[in-house]
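Listed below are the residues making up each chain.
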Amino acid sequence: MGRKVTVATCALNQWALDFEGNLQRILKSIEIAKNRGARYRLGPELEICGYGCWDHYYESDTLLHSFQVLAALVESPVTQDIICDVGMPVMHRNVRYNCRVIFLNRKILLIRPKMALANEGNYRELRWFTPWSRSRHTEEYFLPRMIQDLTKQETVPFGDAVLVTWDTCIGSEICEELWTPHSPHIDMGLDGVEIITNASGSHQVLRKANTRVDLVTMVTSKNGGIYLLANQKGCDGDRLYYDGCAMIAMNGSVFAQGSQFSLDDVEVLTATLDLEDVRSYRAEISSRNLAASRASPYPRVKVDFALSCHEDLLAPISEPIEWKYHSPEEEISLGPACWLWDFLRRSQQAGFLLPLSGGVDSAATACLIYSMCCQVCEAVRSGNEEVLADVRTIVNQISYTPQDPRDLCGRILTTCYMASKNSSQETCTRARELAQQIGSHHISLNIDPAVKAVMGIFSLVTGKSPLFAAHGGSSRENLALQNVQARIRMVLAYLFAQLSLWSRGVHGGLLVLGSANVDESLLGYLTKYDCSSADINPIGGISKTDLRAFVQFCIQRFQLPALQSILLAPATAELEPLADGQVSQTDEEDMGMTYAELSVYGKLRKVAKMGPYSMFCKLLGMWRHICTPRQVADKVKRFFSKYSMNRHKMTTLTPAYHAENYSPEDNRFDLRPFLYNTSWPWQFRCIENQSPCHALELLNLLLLWPLTNNLPTHQPLVATVALSASTRSPFQDSTDESDHAVLQLERAEPQSLDGVD
């Protein structure tokens, strides 16, 4: 009697609406699974059309082409003698469902619709699909004629059912159903289902992988059984990166781990497991067995097939493994790099152009391109023919084989340092040294002639010449002069992206890369339509804190010593005149808050869903040892004023790699107004009316008097214990060293609707 089953799950780099490519990748995965002895193959969610079709799900074409691909799969000899579980949209009684279609030997066994739809964050499944709400119930589904002609079936079961083979029972979950409080796997396991599958379209967020692994192992730990998880991988044409991590688990242990980041379009995991291990594991869990004796049965679809072989006594079984996690720095190094590779090869461009300023953000972006080049070279060395073919297409050299990441980087990355009279020699040197170490084709140019020409037009029309604040100008003049520099850099970036390869006699154009981090985007600390307005932004969903840790990681991982001086330098836009050749402007002083504080505000605003009053109440406790209630109130009010004043900038943010759940990205993820009453009168009054802001302030004033006795009595207490704008986080003790930065903050003028401030 057979009891050892070999099962397969996949991670596929599907592309929205690429029906031809998606079909070939599905067929390849089935072929690999069969060659490894698997008799059940699970694929990702909506793999036939690609997960990210969005409003294309409304189109009848998407349904039609999905069934055409299904027909090709059913008809293919590759799919014979293996149960195939594929994902596609299906319309039943004029309602669209996100479904699994399970078939074997030219027969559709079951169409299983998704019962819990993902509808938070980046997900909008309820916009296009309806959840199947009839638990343990099936209906007859009339197959399209193109499928009927192949299967000779008129109708098949549609709904919530499980499959029964000669040797085991199999049930399906789809992505979100694993994450719900009462997942289907609970009732299926109690009803004797031994193998549970989950087809996912789960995107990567920093530090998310452990949650997914914990969920899967907990499923099989509590109830016993085998669990297969498949997932989409790569970029399917949008801001998200799907990170694979296919896995096979049994009885609380992992038996197969897929890669989280890979350039392989098709990855198949298989494991051979003993069904008797499931049965003996469940036998001694009396609480589980008591619940199982009362469980309501699922409709069962009988399948004339076995997952095990009749004689399998000597067949080796898989051994449990320990899951290997990536650090956040490794996730940043690998995820956005894979996302960039998919964008580059699928956009059919010849490379990237990156404005390289000599600061942390653009340096981190350059490191991501270098990491991508390292992964490409490694994939080619490993024999990946698809990657090699893509490289040769990109560089337009049919015989080129990449071996050295620096050589490849020099062919596909152009870096450009755009100097002005406000740029320091230090940033120019840092940019040049980093470009040399990663091997990029580097350009240095001066934008002053263009700035002078634009300002000349203004002066000719108005008869006036604006001045920087350092030269006696107003804040409006100061911002305008900063903005014109930033916007000219954007124009020049696109000009060089289109023509720099042409000028060198090389084929193709370049994708312009932005390098604004998620914290700056949240606050609006950027000029609208400056060089942050690019084709794509690989760091737009990553915090400044994580980026600095990533750059530190790159120093050792990629042997790039130039990054050391970049890390030590203060963050600056270099848009205001130098003072004795030194930078006079720093980002944190301009913003009036630290990057560490911004990360806290961002998480409370989006993840914890807090408005000004709730954030104030939360931070009173979080920062009680380092800030007075008065300071907390002022910080919260300043953040919300700045944030709401610049909310309009979120509508034009460059499409960015999504890596943080507090991203302010305006497309689908953060749906909020962009015209606010920036004074927030009701909300701020609620903050001011709280007694802690008054009673506790007096107590803090007495306790902190030794720190403030050298200040005028009218000086706001915020100057006494506030955080240093350049060196302190909200979790460090404050000292008198912070006074200067905070006094500058208090004197800052209100921000205009446009500008870098």
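Residues numbered from 1 in each chain as written. Predicted model: local features only at pLDDT ≥ 70, side-chain atom pairs only at ≥ 80, totals over all residues. Heavy atoms only, no water.

Caption draft 1: Structural view of the pattern of salt bridges. The full count for this structure, using the stated rule, is 34 salt bridges. The residue Arg-345 makes a salt bridge to Asp-390 at a minimum N-O spacing of 3.1 Å. In this pair, Arg-345 sits in helix α9 (residues 328–347) while Asp-390 sits in helix α11 (residues 385–395), placing the two residues 45 residues apart along the sequence. In this structure Arg-345 comes out as buried when scored by relative accessible area, which is 15%. Across the pair Arg-630 and Asp-634 runs a salt bridge whose closest N-O atoms are separated by 3.0 Å. Pair noted here: Arg-630 and Asp-634 are both in helix α22 (residues 629–645), with a separation of four residues, about one helical turn. Judged by relative accessible area, Asp-634 falls into the partly exposed class, the value being 24%. It is possible to trace a salt-bridge network through shared partners that takes in Arg-41, Glu-47, Asp-85 and Arg-100. (Salt bridge = Lys/Arg side-chain N within 4 Å of Asp/Glu carboxyl O. Helix = DSSP H or I, 4+ residues; strand = E, 2+ residues; numbered from the N terminus. Buried < 20%, exposed > 50% of the residue type's maximum accessible area, 1.4 Å probe, protein only.)

Caption draft 2: Structural context of the packing of aromatic side chains. Summed over all chains, the structure comprises 24 aromatic pairs. When the centroid spacing of 6.4 Å and the interplanar angle of 45° are considered together, the rings of Trp-323 and Tyr-325 count as tilted. The exposure class assigned to Trp-323 is buried, which follows from its relative accessible area of 9%. Take Tyr-325: its relative accessible area is 41%, and that puts it in the partly exposed class. Ring centres of Tyr-643 and Tyr-676 lie 6.1 Å apart, and the angle between their planes is 55°; this geometry places the pair in the tilted category. (Phe/Tyr/Trp six-rings, centres within 6.5 Å; stacked < 30°, edge-to-face > 60°.)

Caption draft 3: How the structure looks around the nonpolar core. In terms of nonpolar packing, the biggest core is built from 67 residues, with Leu-340, Phe-352, Met-372, Val-376, Leu-434, Phe-550 and Leu-563 touching the most fellow members. The dominant element in this core, judged by the number of residues it contributes, is helix α10 (residues 360–381), at 15 residues. Leave out the neighbours within four places in its chain, and Met-372 touches Ala-337, Leu-340, Trp-341, Leu-344, Phe-352 and Ile-412. Membership of the second largest hydrophobic core comes to 51 residues, among which are Phe-19, Cys-99, Ala-118 and Val-266. (Core = buried A, V, L, I, M, F, W, Y, C linked by side-chain atoms within 4.5 Å. Contact = heavy atoms within 4.5 Å.)

Caption draft 4: Summary view of the confidence of the model for the chain. Residues of the chain with pLDDT of at least 70 account for 90%, and the chain-wide mean is 89. Counting contacts from residues 705–757, a segment whose pLDDT is below 50, to residues more than four positions away or on other chains yields 108 contacts. (pLDDT = per-residue confidence, 0-100.)

Caption draft 5: Representation of unusual backbone geometry in the model. The backbone of Cys-245 shows a phi angle near 60°, a positive value even though the residue is not glycine. The class of Cys-245 is buried, set by a relative accessible area of 2%. For Asn-251, which is not a glycine, the phi torsion comes out positive at approximately 50°. With respect to the helices, strands and loops of the structure, Asn-251 is situated in the loop between β13 (247–250) and β14 (253–257).

Caption draft 6: Structural view of the sheet that holds strand β19 (residues 441–446). If you trace the four strands from one edge of the open sheet to the other, you get β19-β18-β17-β20, paired in parallel fashion. The strands lining the two open edges of the sheet, one partner per strand, are β19 and β20 (511–512). In terms of strand pairing, strand β18 (residues 413–419) meets β19 through six bridges, oriented parallel. Residue pairing in the sheet places Met-418 in a bridge with Leu-445 of β19. (Pairing = 2+ DSSP bridges.)

Caption draft 7: View of a nonpolar patch on the surface. The grouping of Ile-457, Leu-460 and Val-461 at the surface amounts to a nonpolar patch, some 380 Å² of accessible area in total. On the basis of relative accessibility, which here comes to 56%, the residue Ile-457 falls in the exposed class. (Patch = residues over 30% accessible without salt bridge, like charges linked within 9 Å, V, L, I, M, F, W, Y side chains within 5 Å. Areas by Shrake-Rupley, 256 points an atom, 1.4 Å probe, with all protein chains shown as cover.)

Caption draft 8: Highlighting helix α15 (residues 475–503). For α15, built from 29 residues, the straight-helix expectation of 42 Å at 1.5 Å per residue is met to within 8% by its first-to-last C-alpha distance of 40 Å. Its axis deflected by about 40° at Ala-497, α15 carries its strongest bend there. A positive phi of about 75° marks Gly-505, the residue just after α15. (Expected span 1.5 Å × (residues − 1). Bend = angle between axes of the 7 residues up to and from the residue.)

Caption draft 9: Local environment of α9. For α9, built from 20 residues, the straight-helix expectation of 28 Å at 1.5 Å per residue is met to within 8% by its first-to-last C-alpha distance of 28 Å. Of all 20 residues in α9, 15 are buried, a share of seventy percent or more.

Caption draft 10: Structural detail: the environment of Ser-259. With respect to the helices and strands, Ser-259 occurs in the loop between β14 and β15 (266–274). The class of Ser-259 is partly exposed, set by a relative accessible area of 24%. Separated by 111 residues in the primary sequence, Ser-259 and Tyr-370 have C-alpha atoms spaced 20 Å apart. Those residues in contact with Ser-259 that sit more than four places away from it in its chain are Lys-233, Asp-243, Gly-244, Cys-245 and Glu-267.

Caption draft 11: Representation of the pairing of strand β1 (residues 4–12). Burial analysis of β1 places nine of its nine residues in the buried class, which makes it a mostly covered element. Of the two faces of β1, the one carrying Lys-4, Thr-6, Ala-8, Cys-10 and Leu-12 and the one carrying Val-5, Val-7, Thr-9 and Ala-11 are both buried. Inspection of the sheet shows β1 paired to strand β2 (residues 40–42) by two bridges, in the parallel sense. When the sheet's bridge partners are listed, Thr-9 is paired in β2 with Leu-42. Since β1 and β2 lie parallel, the crossover through helix α1 (residues 19–35) that links them has a hand, and here it is right-handed. Where β1 and strand β11 (residues 226–234) come together, two bridges link them in parallel fashion. Among the inter-strand pairings, Leu-12 is bridged to a residue of β11, identified as Gln-232. (Right-handed = clockwise from strand over helix to strand, strands pointing away.)

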